[in-house]
Amino acid sequence: MAAQAPAQAAKVLNPAFNPRTVHFWAPILKWGLVIAGASDFYRPVESLSVTQNVALFCTGSIWTRWCLIIHPKNIPLAAVNFFLAGVGSVQLGRIGLHYQSLKKQEKENPVMSEIAKKATNTTT
């Protein structure tokens, strides 16, 4: 028992999750992606990128699962990836609803949608 004391003390003094390991800094730095994605909630839907938000959603989903499989389990990294997937899914939902409303407008008012298309083509 006395021989195990130094090993147990070393585990207490050097845990797997501390500022000297990647287990600490990866989630801290990845919160920047979550904050950047959440700041896009205020952007108009027309300026959102589908591919960027699919990448955020897929990355967050895949790495959330992976963080719970690896040893030691990295719960803070799993949490940030969960929120990253959430941000991506909210933005994809916004984009999907926007496209759905555009299609609905085209069906209800085909003449006005043609005028809107021509107006956007001449300004770009």
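Our subject is the structure that appears above.
Residues numbered from 1 in each chain as written. Predicted model: local features only at pLDDT ≥ 70, side-chain atom pairs only at ≥ 80, totals over all residues. Heavy atoms only, no water.

A. Quick peek at the nonpolar core. In terms of nonpolar packing, the biggest core is built from 8 residues, these being V34, L56, C67, L77, A78, V80, L84 and V87. Elements with a minimum of two residues in this core: α3 (50-69) and α4 (75-108). For this core, the leading source of residues is α4, giving 5 residues. Residues in contact with V34, not counting those within four places in the same chain, are V80, F83, L84 and V87. (Core = buried A, V, L, I, M, F, W, Y, C linked by side-chain atoms within 4.5 Å. Buried < 20%, exposed > 50% of the residue type's maximum accessible area, 1.4 Å probe, protein only. Helix = DSSP H or I, 4+ residues; strand = E, 2+ residues; numbered from the N terminus. Contact = heavy atoms within 4.5 Å.)

B. Examining the pattern of salt bridges more closely. Tallied over the full model, the rule gives 1 salt bridge. We note a salt bridge from D40 to R43, for which the minimum N-O separation is 3.5 Å. The buried category is assigned to D40, whose relative accessible area is 11%. Residue R43 is classed as partly exposed on the basis of its relative accessible area, which comes to 34%. (Salt bridge = Lys/Arg side-chain N within 4 Å of Asp/Glu carboxyl O.)

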